[in-house]
Amino acid sequence: MNILVLNCGSSSAKFAVIDSADGTEHLTGIAQRLGTAEASLDYSHNGQKHVQKLPGAGHDQGLRAAVQVMDDLGLRASLAGVGHRVVHGGSKFASSMRITPEVVAQVEACIHLGPLHNPPNLVGIRLAEQLLPNLPQVAVFDTAFHQTMPARAYTYPVPHEWLTQYDVRRYGFHGTSHRYVTQKAQELLGIAANEGCLVTAHLGNGCSATAVKNGESVDTTMGLTPLEGLVMGTRSGSVDPALLGYVARATGQTADAVLDALNKKSGLLGMSGLSNDMRTLQEAAAQGNPRAQLAIEVFCYVLAKQLAGLVVALGRLDALVFTGGIGENSAEIREKVLNLLGFLGLQLDPGANAQAVRGKAGRITHSLKPQALVVPTNEERMIALDTAALVSGSFAGAQYL
Ligand code: AMP
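Residues numbered from 1 in each chain as written. Predicted model: local features only at pLDDT ≥ 70, side-chain atom pairs only at ≥ 80, totals over all residues. Heavy atoms only, no water.

Points about the site of the ligand
Reasoning step 1: Close to the ligand lie Gly204, Asn205, Asn276, Asp277, Met278, Arg279, Gln282, Gly324, Gly325, Ile326, Asn329 and Ser330, which account for all nearby residues.
Reasoning step 2: Within the backbone of Met278, a nitrogen or oxygen atom sits 3.0 Å from an oxygen atom of the ligand.
Reasoning step 3: Contact distances for the ligand include 2.9 Å between an oxygen atom and a backbone N or O atom of Gly325.
Reasoning step 4: Taking 510 Å² as the accessible area of the ligand by itself, protein coverage stands at 71%.
Reasoning step 5: For the shell around the ligand, the elements supplying multiple residues, two or more each, are helix H10 (278-286) and helix H12 (324-329).
Reasoning step 6: If one sorts the elements of the shell around the ligand by residue count, H12 sits on top with 4 residues.
Reasoning step 7: Classifying every residue of the shell around the ligand gives 2 nonpolar, 8 polar and 2 charged. (Near = heavy atom within 4 Å. Polar contact = N/O pair within 3.5 Å; in protein donor to acceptor, adjacent residues only side chain to side chain. Areas by Shrake-Rupley, 256 points an atom, 1.4 Å probe, with all protein chains shown as cover. Helix = DSSP H or I, 4+ residues; strand = E, 2+ residues; numbered from the N terminus. Nonpolar A, V, L, I, M, F, W, Y, C, P; charged D, E, K, R; others polar.)

Now the structure itself:
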């Protein structure tokens, strides 16, 4: 079943036409730099890349051009539904949902929790409804997988009315990726969907890790926002919250400006002063750059510490799963992390570790209990699978809270 997967951001809209059954990507593309003179539609079909300049185009024109390409390629007629990535579902959605006016209203009601992401996600939903009026639409939430977290994992130790009046709690993100790699890891382990104690580590430009017990998220490193938890490309991850007021006073900046720096100028970029890109830092570290070396050391140390912490939520560890650009490709980072976690019984297999790169899945430890796996993620495929299931009526787990 061909599904249009749409991820609409503030200045770009990523799209893909995917066969949900086998994952074939018939078309992938991005309308980017929307709202600027450099706006363009870049897409790839049958291995061929195309760029269409769209100076001054906004989301409307960018998506219209994308739909035109689907028409020209004869793909539009084959579409069975549209699956939208929606970042914040708050406590309202515990699974993907067929989009109705009521669902749109609930996504709007979550804007205060995802002020940067939910508005452009809603723009994508409205435009898709206009441009492809006969197709069913589905929302797939980054937060939904983590709605199974127990209160002890999602509750912040803060005044209770912050939760009841302002929804201050941990939500978690990257849920679509954690759910996808959980299913793949369960297949590799030969266990059922409701079995196993896994820790999944999504390590890309954004990083988060999740404790998955019997197929359900029971704790995760990101919180109210995607700033909490692991060290990331430009995000600090968890820091002493008193730092915010302290740095604001020391530098004369507003708290919002400091928060912006924690999101955009910290993490690998902030520590190294060089780049948010792990490959660049590994090259610089190999040439002796001390700040790049320290940034990698902090990244791995914090990661190992938080991964071990997630085992508390599970009581035992069957498998640690690496995914995301860093997790899928950097044998060096995986080695450093597994060496720090040797006390859990994880024994690296250096040969297997070196092999598991560029989309190759597999076990990278000698140890079987626990073991470490590399599993390439595919959020678009997961969105396509959920959309196909909801459209065809075979979806088992739709949950509206
Ligand atoms: P993502 O956000 O999942 O696309 O991941 C982006 C991150 O993956 C960046 O930090 C890249 O430097 C990193 N990455 C991709 N390939 C490699 C590699 N071969 N070695 C180290 N890091 C990599």
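Points about unusual backbone geometry
Reasoning step 1: Geometrically, the link from Lys369 to Pro370 is a cis peptide bond, its omega value of 0 degrees lying close to zero.
Reasoning step 2: Of note in this structure, Asn214 is not a glycine but carries a positive phi near 50 degrees.
Reasoning step 3: Counting through the fold element by element, Asn214 comes out in the loop between strand S10 (207-213) and strand S11 (216-220).
Reasoning step 4: On the basis of relative accessible area, Asn214 is assigned to the partly exposed category, the value being 39%.
Reasoning step 5: Positive phi outside glycine occurs at Arg358, with the angle close to 50 degrees. (Buried < 20%, exposed > 50% of the residue type's maximum accessible area, 1.4 Å probe, protein only.)

Let's talk about the nonpolar core
Reasoning step 1: The biggest cluster of nonpolar side chains holds 47 residues, and the ones touching the most others in it are Phe299, Leu307, Leu320, Phe322 and Val337.
Reasoning step 2: A total of 14 residues in this core trace back to one element, the largest contributor, which is helix H11 (residues 290-314).
Reasoning step 3: Beyond its immediate sequence surroundings of up to four residues, Phe322 is in contact with Ala201, Leu203, Gly327, Arg334, Val337, Leu338, Ile364, Ala372, Leu373, Val374 and Val375.
Reasoning step 4: Listed in part, the 28 residues of the second largest apolar core include Ala13, Phe15, Tyr43 and Val82. (Core = buried A, V, L, I, M, F, W, Y, C linked by side-chain atoms within 4.5 Å. Contact = heavy atoms within 4.5 Å.)

Digging into the state of the cysteines
Reasoning step 1: By the definition in use, this model includes 0 disulfides.
Reasoning step 2: Free cysteine: Cys8, not disulfide-bonded; nearest cysteine sulfur from Cys110 at 18 Å.
Reasoning step 3: Residue classification places Cys110 among the buried residues on the basis of a relative accessible area of 2%. (Disulfide = S-S within 2.5 Å.)

Some details on empty space enclosed by the protein
Reasoning step 1: In this structure the tally under the stated criterion is 1 cavity of 30 Å³ or more.
Reasoning step 2: In this structure, the largest cavity spans a volume of roughly 60 Å³.
Reasoning step 3: Taken together, Leu4, Leu6, Phe15, Leu63, Ala66, Val67, Met70, Leu127, Ala128, Leu131 and Leu132 make up the lining of the largest cavity.
Reasoning step 4: Counting residues per element, the ones that place at least two in the lining of the largest cavity are strand S1 (2-8), helix H1 (59-72) and helix H3 (118-131).
Reasoning step 5: A class-by-class count of the residues in the lining of the largest cavity yields 11 nonpolar, no polar and no charged. (1 Å grid on protein atoms, 1.4 Å probe; cavity = no way out; pocket = protein on both sides within 12 Å on 5 of 7 lines; lining within 4 Å. Points joined across faces, edges and corners; volume = space filled by probe spheres on them.)

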